[in-house]
Amino acid sequence: MATIRPFDSADAPAVAALIERCLREVNSRDYPSEVIERMCDHFTEQRITELAIQRQMVVAEDDGIVGTVSRDGNKVYTMFVHPRVARRGIGRLLMRHVEELATIDGYDHMETGASITGHDFYRRLGYIDVRSTETEFGLNYILRRSLP
Ligand SMILES: CC(C)(COP(=O)(O)OP(=O)(O)OC[C@H]1O[C@@H](n2cnc3c(N)ncnc32)[C@H](O)[C@@H]1OP(=O)(O)O)[C@@H](O)C(=O)NCCC(=O)NCCS
């Protein structure tokens, strides 16, 4: 079973590689190649290191890093699980972890921006559509879930 722990700066290469793998293997089914390339160019090791300073980033570890998510208050970002271990509950585990952190901070709801690829995953976790937006990375859904 994967364990969740805080991101460490030494994780940046593994997290960047994980994100690139997801983008090329999974998100590429829903987005044109130029969007995938733009996203791959965006999530460099350096960008991951910078984002981990601005946000609270965690990783799921199970014989290496197999997932990651980050949050800024009650906003969720960079949710990725390695395709090799998809559909085994790691995404849910990561989301519940950042939701608990947000609850402790006093937030009454969580908000996420979902790609087309991640949309049904979030709905399965109880998130409800608020609106959709067009971003530099294509169509994005904004969803929310009430926190206990
Ligand atoms: C979306 C993603 C994070 C899901 O991670 P995961 O570890 O496979 O998800 P889980 O196994 O925890 O699944 C939780 C629930 O969502 C469902 N689910 C997961 N992916 C789904 C999908 N693509 N479509 C529909 N349901 C999905 C699972 O069946 C499970 O439901 P259940 O509890 O009823 O069995 C992962 O597939 C991924 O990284 N995708 C590529 C990157 C991406 O799109 N990230 C989201 C950015 S917005």
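The structure presented is a predicted model; accordingly, all values stated were derived computationally and were not measured.

## A look at the site of the ligand
Residues in contact with the ligand amount to 23 residues; listed here are only the nearest, M79, R87, G89, R92 and R124. G89 has a polar backbone atom sitting 2.8 Å from an oxygen atom of the ligand. Out of a free accessible area of 900 Å², the ligand has 80% covered by protein chains. Within the residue set of the shell around the ligand, elements represented by two or more residues are β4 (75-81), α4 (90-104), β5 (109-114) and α5 (119-124). When residues of the shell around the ligand are assigned to their parent elements, the largest contribution, 4 residues, is made by α5. In terms of residue class, the shell around the ligand is built from 11 nonpolar, 7 polar and 5 charged.

## Observations concerning the pattern of salt bridges
Applying the stated criterion across every chain yields a total of 12 salt bridges. With a shortest N-O distance of 2.5 Å, R21 and E25 are connected by a salt bridge. Here the residue R21 and the residue E25 both occupy positions in helix α1 (residues 12-25), the gap between them amounting to 4 residues, near one helical turn. For E99, the salt bridge goes to R145, with nearest N and O atoms at 2.8 Å. Of this pair, E99 sits in helix α4 while R145 sits in strand β7 (residues 138-146), placing them 46 residues apart in sequence.

## Here we look at the UniProt feature "domain: N-acetyltransferase" (unreviewed entry) in the protein
When the UniProt feature table is mapped to this numbering, "domain: N-acetyltransferase" (unreviewed entry) covers residues 2-148. The annotated region residues 2-148 carries 37% helix and 33% strand content, and the separation between its end C-alpha atoms amounts to 25 Å.

## Here we look at the sheet that holds β5
Pairing is mixed across the open sheet formed by 7 strands, whose spatial order is β1-β2-β3-β4-β5-β7-β6. Each end of this open sheet is capped by a strand with a single partner; those strands are β1 (3-6) and β6 (128-135). Across the sheet, the axes of successive neighbouring strands diverge by a mean angle of 25 degrees, strand direction being ignored. Where β6 lies against β7, 7 bridges are found, and the strand directions are antiparallel. Among the inter-strand pairings, T135 is bridged to a residue of β7, identified as G138. Relative to the sheet, α4 contacts β1, β2 (56-61), β3 (65-72), β4, β5 and β7, its axis offset from that of β3 by approximately 30 degrees.

Definitions and limits used
Numbering of residues starts from 1 in each chain and follows the order in which that chain's sequence is written. Per-residue local features are limited, in this predicted model, to residues with pLDDT of at least 70; the limit for side-chain atom pairs, both in listing and counting, is 80 or more; totals at the level of whole chains, interfaces and linings are taken over all residues. Note that water and hydrogens are dropped before the side-chain values are worked out from all heavy atoms of the structure. One heavy atom within 4 Å of a molecule or strand makes the whole residue count as near it. The term polar contact refers here to a pair of N or O atoms within 3.5 Å; inside protein, the definition further demands a hydrogen-donor-capable atom paired with an acceptor-capable atom, and it admits residues adjacent in sequence only when both atoms are side-chain atoms. Areas reported as accessible are Shrake-Rupley estimates using a 1.4 Å probe. Residue values count occlusion only from the protein chains shown. Numbering of helices and strands runs from the N terminus, with a helix taken as a DSSP run of H or I at least four residues long and a strand as a DSSP run of E at least two residues long. Each residue gets one label: Ala, Val, Leu, Ile, Met, Phe, Trp, Tyr, Cys and Pro are nonpolar, Asp, Glu, Lys and Arg are charged, and the others, such as Gly, are polar. Whenever a carboxyl oxygen of Asp or Glu lies within 4 Å of a side-chain nitrogen of Lys or Arg, that contact is scored as a salt bridge. UniProt positions are given in the numbering used here, feature names are shortened, and annotations may be inferred rather than shown by experiment. A pair of strands counts as paired when DSSP detects no fewer than two bridges linking them. Note on method: axes are straight lines fitted to C-alpha atoms, helices fitted across the in-contact stretch only, with angles between N-to-C directions ranging 0 to 180 degrees. Residue contacts are defined here by distance: any two heavy atoms, one from each residue, within 4.5 Å place the two residues in contact.

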